[in-house]
Every structure is written in structure tokens, then in C-alpha cells.
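Descriptive structure summary
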Amino acid sequence: MKPCRTMLYIPGDSPGMIQHAPVFGADSILLDLEDAVALTEKDAARKMVACYLKDYDFKDLIVTVRVNGADTEFFDDDLKEIIPCVPAAIRIPKCNGPEDVLAADKKIEEIEKSNSIPVGKVRIHAMIETAVGVENAFFIASACPRVQALTLGGQDLTADMGVQKTKEGWELFYARSRVVVAARAAGVDVYDTVWADISDKEGLLKECRSIVGLGFTGKAAIHPDQIETIHQAFMPNEKEFRKALRIMEAAENAKKEGKGVISVDGKMVDAPVVARARHLLELADLYGFERSGS
Amino acid sequence: MDMTLNSLGRKVPLELPGVGSFAPYMSPFSMLGQPGTIQGTQMHMRRPAPARSKVVENIEKAVELSGLKDGMTISFHHHLRNGDAVIPMVLDVLQKMGFKGLTLAPSSIPDVHDCIADYIRSGLINRLYTSGVRGELGKLLSRGELNIPVVIRSHGGRARAIEEGSISIDVAFLAAPACDPLGNITGSIGPSACGSLGYAMTDARHARHVVAITDNLVKYPLNPRISIPQYLVDSIVCVDSLGDPKKIATGAARITRNPVDLKIARDSFRLMKSSGIVEPGFSFQMGVGGASLAVAKYLEDYMKEKGIRGSFGLGGVGGYMAGMLEEGLFDAVFDVQSFDSAVTKSMQEDPRHIEIDASWYANPFNAGCIVHNLDCVILAALEVDTDFNVNVLTGNDGVLRGASGGHQDTAAGAKLSIVVAPSFRGGVPSIKERVTTVTTPGETVDAIVTERGICINPRREDLLGSALKSGLSIVDITALKKEVEKLTGIPRPAEFNYDKVAAVVEYRDGTLIDTVYARKS
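All figures in this text were calculated on a predicted structure; none of them were measured in a lab. (Residues numbered from 1 in each chain as written. Chains lettered and ligands numbered in written order. Predicted model: local features only at pLDDT ≥ 70, side-chain atom pairs only at ≥ 80, totals over all residues.)

**Quick word on the nonpolar core**
Condition: For the purposes of this analysis, a nonpolar core is taken to be any set of buried Ala, Val, Leu, Ile, Met, Phe, Trp, Tyr and Cys residues that are connected through C-beta atoms within 7 Å. Around each residue's C-beta, the other C-beta atoms within 10 Å are counted; 20 or more make the residue buried, 12 or fewer make it exposed, and counts in between make it partly exposed. All C-beta atoms are placed from the backbone. Here, residue contact means that the backbone-derived C-beta atoms of the two residues sit within 7 Å.
The biggest cluster of nonpolar side chains holds 169 residues, and the ones touching the most others in it are Val86, Phe173, Leu174, Ala204, Ala212, Val419 and Ile448 of chain B. Beyond its immediate chain neighbours, meaning those up to four positions away, Val419 of chain B contacts Leu379, Ala381, Val384, Val390, Val445 and Ile448 of chain B. Val23, Leu79, Val101 and Ile124 of chain A belong to the second-largest nonpolar core, a separate cluster that totals 78 residues.

**A look at the sheet that holds strand E24 (residues 416–420) of chain B**
Each strand in a sheet pairs with another by means of backbone hydrogen bonds, the pair being arranged parallel or else antiparallel. Residues and elements named next belong to chain B. Applicable threshold: Paired strands, in this sense, are two strands between which DSSP finds at least two bridges. Each helix corresponds to a stretch of at least 4 residues labelled H or I by DSSP, and each strand to a stretch of at least 2 residues labelled E; elements are numbered beginning at the N terminus. For every element, the axis is a line fit to its C-alpha atoms; helices are fit only across the contacting stretch, and the angle between N-to-C directions ranges from 0 to 180 degrees.
What the eight strands build is an open sheet, ordered E19-E18-E17-E16-E20-E24-E28-E29; its pairing is mixed. In the strand order of this sheet, the two ends are held by strand E19 (353–355) and strand E29 (453–456), each with one partner. Neighbour-to-neighbour, the strand axes of the sheet open up by a mean angle of 20°, direction not taken into account. Sheet topology places strand E18 (residues 330–338) next to E19; three bridges connect them, and they run parallel. Its bridge partner being in E19, Val333 is matched across the sheet by His353. Each of strand E17 (310–317), strand E20 (376–380) and E24 is contacted by helix H9 (residues 290–306), which is oriented at about 150° to E20, the strand it contacts most.

**Section: the interface of chain B and chain A**
Interface extent is often summarised as the accessible area lost during association of the parts. Just so we agree on the cut-off: Under the scheme applied, nonpolar residues are Ala, Val, Leu, Ile, Met, Phe, Trp, Tyr, Cys and Pro; charged residues are Asp, Glu, Lys and Arg; polar residues are all the others, including Gly.
The partner chain A presents eight residues to the eight residues of chain B that form the contact. Counting residues per element, the side of chain B that touches chain A draws most heavily on helix H8 (residues 259–275) of chain B, which supplies four residues. Across the side of chain B that touches chain A, the residue classes break down as four nonpolar, one polar and three charged.

**Overview of the domain arrangement of chain A**
The cut-off we apply is this: By convention here, the domain bounds are inherited from an automatic or database domain assignment.
According to the domain assignment, chain A consists of domain 1 (6–234) and domain 2 (238–286). Relative placement of domain 1 of chain A and domain 2 of chain A: their C-alpha centres are 31 Å apart.

**A short note on the sheet that holds strand E21 (residues 383–385) of chain B**
Residues and elements named next belong to chain B. Ordered in space as E22-E21-E27, the three strands form an open sheet in which the pairing is mixed. If you trace the sheet from one side to the other, it starts and ends with strand E22 (390–391) and strand E27 (431–432), each paired once. By the bridge criterion, two bridges tie E21 to E22 in an arrangement that is antiparallel. By the bridge assignment, Glu383 is partnered in E22 with Asn391.

Structure below.
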């Protein structure tokens with residue numbers, strides 16, 4: 001599957017922005033029915049997003065929708081209107097434990113069945129934005145096969161923890177680490193929270209490099225101008241790229257020769273390293289790295 | 001009216017009653033490359049008695065001294081932007097003095113001056129030569145309610161018309177942000193400081209009589225800068241104010257945050273870079289709004305990163321370009337018109353910020369205008385068509401709402417002319433089969449950059465090759481038009497009354513490139 005480095009937030013009640021979604025180079029978008037939409041506009045936004053999902057050509061963009069929380073009066077209506085339009089995933093806010101995911105999973109399954117959609121087609125991105133959610137991250141990620149990713153909501157999480165969100169981000173260091181490990185353990189993707197200062201690209205790049213280092217597979221963007229910077233941080237370096245090529249070559253040779261042991265540059269490599277090399281090459285394809293001449 | 005087809009297939013009149021005869025447009029450079037010279041206007045000699053002050057009591061007195069008569073031509077500049085109060089102030093006096101049938105030939109008309117429509121109705125003005133028409137005036141002309149000939153000229157074309165005598169200015173009323181008692185003038189000092197007086201400089205040199213109108217009479221001699229010298233100025237009128245200082249002294253325009261504009265700007269810059277034009281000694285002009293200004297941000301970062309120092313910036317200069325000069329990214333900036341008065345400090349303090357007149361800027365019929373030295377220009381558009389023609393004058397509804405400005409001059413002169421436009425605005429596609437009005441011929445446009453891809457003029461195979469090599473998102477203009485129309489539908493074209501010409505559009509060489517008709521009522 002194509003790596004998904006960026007997830008661009010677009011308010012669900014902003015047709016002017018939705019119609020331009022495919023042009024900014026994001027890997028995926030998140031049409032937001034929750035925080036970006038005023039209470040009075042919830043119905044209109046839901047209908048608007050449904051219309052776009054049905055009729056608009058988003059080209060090769062992965063399109064997800066953030067619905068309102070299960071604790072709101074809008075949750076059921078959001079699912080009823082959006083699931084039949086088959087977005088790639090639904091983002092469920094404030095998942096505190098596996099039961100929240102399972103409750104959503106059940107409702108989505110019912111709607112899929114009644115609309116002749118293969119069960120499990122619409123995935124769940126579970127949003128971790130409370131302290132209890134962080135502590136339950138692995139159980140959330142592995143609650144059901146429908147979960148495709150964990151996403152960290154930094155603003156609400158810091159509020160829940162009673163601390164300030166800072167540019168340095170130390171207050172989120174533990175939560176980020178915990179959520180990444182949980183996601184990796186469950187075999188799902190993991191997206192980092194947004195960088196709020198649109199004008200500070202240097203700070204954004206620094207944070208991106210740091211979360212790439214922690215193991216996040218992608219990051220949310222709140223402005224199209226952030227996409228390029230996020231992608232920059234995910235770009236493999238030439239040395240890593242060349243090494244990944246050698247690993248994949250060795251793995252293929254080992255497979256052909258029926259060998260169980262793979263050796264690269266005189267060192268043994270095992271399955272997770274091969275998996276990482278494969279992902280790195282998929283990433284490198286997005287940046288136009290030339291595989292020939294290796 | 002006798003009409004003919006020009007080389008773009010546009011019907012244009014051969015003669016405009018009360019104005020004169022015109023040739024149809026043929027190609028961008030068909031009138032250039034000719035040996036010898038053509039006779040232009042002569043300098044108007046004056047023989048005033050020596051005096052230590054030219055200040056007169058009021059505008060009426062200045063008008064009396066000017067010898068203005070019914071049917072003559074008056075001019076103004078538009079450097080005070082939407083803060084200008086001088087044009088209505090003078091027209092009001094002329095109306096009260098009972099003048100009739102004047103030709104109004106300003107360098108352009110600020111958006112706010114809807115009052116001009118009233119002076120046309122009253123008979124004070126019966127011909128209009130301008131760069132642009134907007135607002136209520138544009139609507140009335142497009143409704144065919146103001147029955148006068150209107151000639152639209154580019155800034156370079158106007159300078160040419162003045163110097164060749166097609167516009168013969170009898171009296172120029174020049175707003176003067178700083179003026180001394182003998183008529184030395186500058187725009188870079190004073191409460192109404194606006195920056196360059198480039199268009200006014202051309203008028204002052206060629207008008208039969210020049211009246212300076214100032215709210216800032218300074219001690220003789222005006223210093224440290226004189227834009228228009230005293231020997232061109234006949235009289236001076238002091239007024240309380242030249243206009244609204246908030247709208248004259250605007251701050252520097254900010255770089256847009258609009259994602260679509262930023263995407264267009266980034267791709268435009270990438271196109272520039274891929275063409276290999278951004279090298280030491282590079283010259284550049286940009287607009288002041290939206291995507292056009294935002295290109296400068298990407299350019300600035302790149303020039304700094306690579307240590308590239310350009311030759312000159314040209315314009316239409318705003319605070320951003322002045323900042324690039326200050327940072328040493330260009331050797332000089334040529335400024336015919338300041339977009340915001342944030343440049344006045346640069347003009348006053350930096351000798352490399354050079355004030356130029358309209359002819360120096362863009363007149364194709366002199367011994368060398370600066371637009372012909374340009375490497376790259378970024379231009380905006382109201383609409384474009386699949387032949388790369390550009391319209392900056394009329395809206396989708398066919399109503400006059402823009403200005404020719406320096407568009408056709410810079411597009412013709414620059415090695416690389418890039419037109420930036422969102423692929424649709426307000427649900428209306430920007431790419432048409434045929435633009436409503438051609439102001440800049442597609443022959444001079446190298447690329448059109450939209451948020452949905454870059455269209456490269458088939459004439460520029462070299463540019464296409466380098467862009468593809470750089471991995472830019474290139475799209476065929478007809479395919480893009482279809483893609484956009486899938487979103488927007490195809491708007492019904494505006495319907496015109498082809499018996500009623502609202503305006504003619506000159507190309508910079510004086511040929512007619514298009515005709516604007518009144519809307520069908």
C-alpha cells in the first residue's frame with residue numbers, strides 16, 4: 001500500500017477547500033465534521049461531505065472523515081450518512097478504550113450490511129486524545145481488524161493532562177512513544193498530531209524529523225503549505241535507500257535459493273528489517289528515487 | 001463603423017469617430033525592427049516672466065492660466081491609488097467653470113472614481129483614454145449608457161501614444177505629494193507620499209501646460225529627490241489634502257496564505273527554476289497580489305540559498321521588491337509605479353532604487369525600454385484561452401472591470417512570461433475557448449500556471465522539455481479546460497450588442513487587438 005505521510009485537515013463545511021483537495025500533494029485528507037464545524041452547521045457539513053464523497057473525483061487521494069464523538073447527538077447521523085459513501089476510513093474522536101472502538105465497529109458493520117458494502121471496508125482511525133486513551137493505546141489499536149491507524153490528538157491530550165502544549169513537545173514525548181509502540185505492536189499505522197503555527201516551517205520540520213525518528217508513519221497537516229515540509233522529513237536519505245535496496249535484493253535472493261538466513265554487508269538481517277526496507281523503498285518511490293544503478 | 005479582422009480573428013474598427021484611424025493588430029513585433037525614426041511630438045516651449053513662485057490661489061486660477069478650452073485633453077496620474085481625491089476635485093471645478101467636451105486621458109482610473117460617469121453624462125467629458133475601467137463606470141460603459149469613445153492602452157502604449165501625439169495632452173493636473181514653489185515635485189515625501197511618479201513624469205514632459213496640485217508645499221529647493229523638474233511645471237495650487245492618507249500610504253502587501261495561490265506560486269517558481277533563468281544577473285517583475293507576489297517568497301529563499309544576485313527588479317514595485325533590493329538580491333530596482341508606500345523609504349535612501357518614467361519602462365517606440373530587458377515576469381489574468389491569449393479587462397459577464405496596465409508590455413518583453421490564475425473563481429472557469437477580450441496575445445505568453453497544473457505554450461518546446469525533466473505537473477491546456485468544466489460546467493457566454501462599441505483595446509504598438517462591446521440589454 002502507498003505510504004501515507006500526510007493527512008490534510010479540511011473543514012467539512014468548506015466546499016471551496018474540498019474541491020481543491022487533490023491539488024496540494026497530500027497523501028490523504030481528513031474531511032472534518034467535528035471541531036472545524038460549528039454546531040449550527042453540523043447537518044449541512046455532513047450532507048456536503050456525503051455529496052463530495054459520492055460525486056467528486058478525489059483522484060488518488062485517500063479520503064477519510066472525522067465524525068463527531070460517540071458522546072454527541074451527531075455521531076449516529078454522521079455514520080448513517082457517511083458510511084454508505086465508503087470513505088477509506090472514519091476517524092473516531094476520543095477513543096478511551098477498546099469498547100469505544102468496538103461500539104463504533106458494530107454500528108459501522110450494520111450500516112455496511114444494510115448498504116451491501118463488504119464488512120470491514122470502511123476502516124477506523126482511532127483518535128487518542130486523553131490520558132486514559134494513551135494508557136489503553138494497544139488495546140484500542142488491536143480492538144478489531146477494522147482499526148487501520150492510531151492518531152494522536154495533541155491539543156486535547158495536553159488539556160486533559162493539565163499541561164501546556166509547547167513547540168518543543170516534551171509534554172507529549174511519553175504519549176507519542178507509547179502510542180507509536182502500541183500501533184507498531186498491533187501492526188497499524190500511526191499519525192502524529194498537527195503543528196499549529198502555520199508560519200513556523202522550521203519548527204514544523206524539526207518536529208517532523210523527531211516524530212519520524214520515533215516511528216510515526218504520518219502526520220496531520222492543518223494547512224496545505226505544511227505538506228511539503230512534512231514530506232521532506234519523511235524522505236529517506238540516499239544511504240538508507242541504497243541499503244534498503246541491498247536488503248531487498250538479498251531477501252529476494254535468499255527466497256529464490258530457499259535460504260532462511262539473509263545476510264547484507266556481512267551482517268545478518270531478520271524479517272522486521274526486511275519489512276522496514278520494503279516500506280522505505282515504497283517511500284522512496286514517492287520521491288522519485290531511481291532504483292537503477294544500485 | 002468600418003470593421004476588419006485582426007490576426008487573432010478579432011473584429012476591430014478601422015476608425016473611431018472623433019478619435020482617428022487604427023490599424024489591426026498583426027503580431028507582437030510587427031511594428032518593431034524598422035529602420036529610421038518617426039516624428040514624435042515636439043517639446044512645448046514656454047516664455048513666462050522670471051518669477052520666484054508659481055503658486056496660484058486656486059484650481060480655477062490655474063485652469064484660467066492654462067488656456068484650457070472646450071474639446072481639449074486633460075490628464076491625471078493614478079499614483080495615489082484609491083486614496084486619490086485630485087481627479088474628482090479638478091473635474092468638479094471644471095464642471096463648475098462650464099467646460100464641455102473634454103478628453104480625459106489619465107494614466108489609469110482608480111477604482112473609487114465612479115464620479116467620472118457623472119461627468120460623462122453632464123457632457124464635461126466626451127472621450128476617455130485610459131489603461132483601465134472598473135466599478136460603476138465600467139458597468140455603465142458596458143451597458144452602453146455612456147455614449148463616448150473609450151480607448152484602452154497599456155502603460156507602454158500610453159507613453160508611446162503621448163510621445164507620437166495620438167494623445168496630445170493640453171493640461172496635465174498632477175497630484176504632487178511634495179512640491180516647492182517653483183514646481184520641483186516628488187512622490188516620495190510628504191503626508192500623501194505614494195512613491196514613484198513614473199506616469200506623471202511622462203505627462204509633465206509632453207503636456208502643453210502642467211498644473212501641480214499639492215498638500216505639501218516645501219521650501220525651495222525640494223530635496224533630496226526631484227522626480228519632475230520645475231522647468232516642466234507651469235503653476236502650483238495648494239490644497240488641504242490630496243486624498244485619504246490611509247488609502248494612499250498603504251503598508252507593504254503581505255504574502256498570501258491562500259493555499260491555492262501558494263500552490264500556484266510554488267509551481268510558477270519551480271517553472272522559473274527549471275527553465276534555467278534564475279541565474280546571477282537575472283531580472284524579474286511581479287505583481288503585488290496573491291500568487292504573483294508569493295512567487296517572490298520562493299524566489300527570495302532560493303536566491304539566498306544559492307547566493308544568486310540578480311541584475312534588476314522592475315515594476316510595479318512593492319515593499320517586498322524593495323526588501324529584496326535591501327537584502328542585496330538585486331543590483332537595482334526600476335520603479336515606474338509604487339504599489340504601496342512602504343517603498344518610499346527605499347526610494348529616498350537607496351540610490352539603487354531608480355524612479356523611471358512610463359516611456360523608459362515600456363514604450364516600444366523608443367531606443368530601448370526596460371521591459372525588453374526582462375528575463376521573467378509573473379502576471380495575473382481574469383481569463384485565458386486555449387491559444388494562451390489573456391484577458392485582464394473584462395469579466396466573465398463581459399463587463400469592463402480591469403486594466404491593461406503593463407501586462408502586454410512585459411509579456412512581450414520578458415524572455416519568460418508566466419501567467420498565474422486559479423483554474424476557476426467563484427465557480428467560473430478561468431480557461432475559455434476564446435477569452436472575452438484579448439488584452440495580451442498568446443504569442444507572448446509562455447506558460448499559464450494554475451493550481452491544477454502548468455500549461456506550456458506549444459511555441460516553447462524548450463520550456464516544456466525542461467519542465468518535464470524537472471518533474472513538474474504539466475497539463476495540456478485543452479485537457480485542463482475540460483477537467484475544470486467537469487467541476488464548474490460551461491458558463492453561458494455573455495451576450496453583446498455588436499452594434500455598440502464600448503471600448504477599443506490597443507496593443508502597445510498602437511494597433512487594435514480587440515473591441516469591447518456593450519452588453520445586450
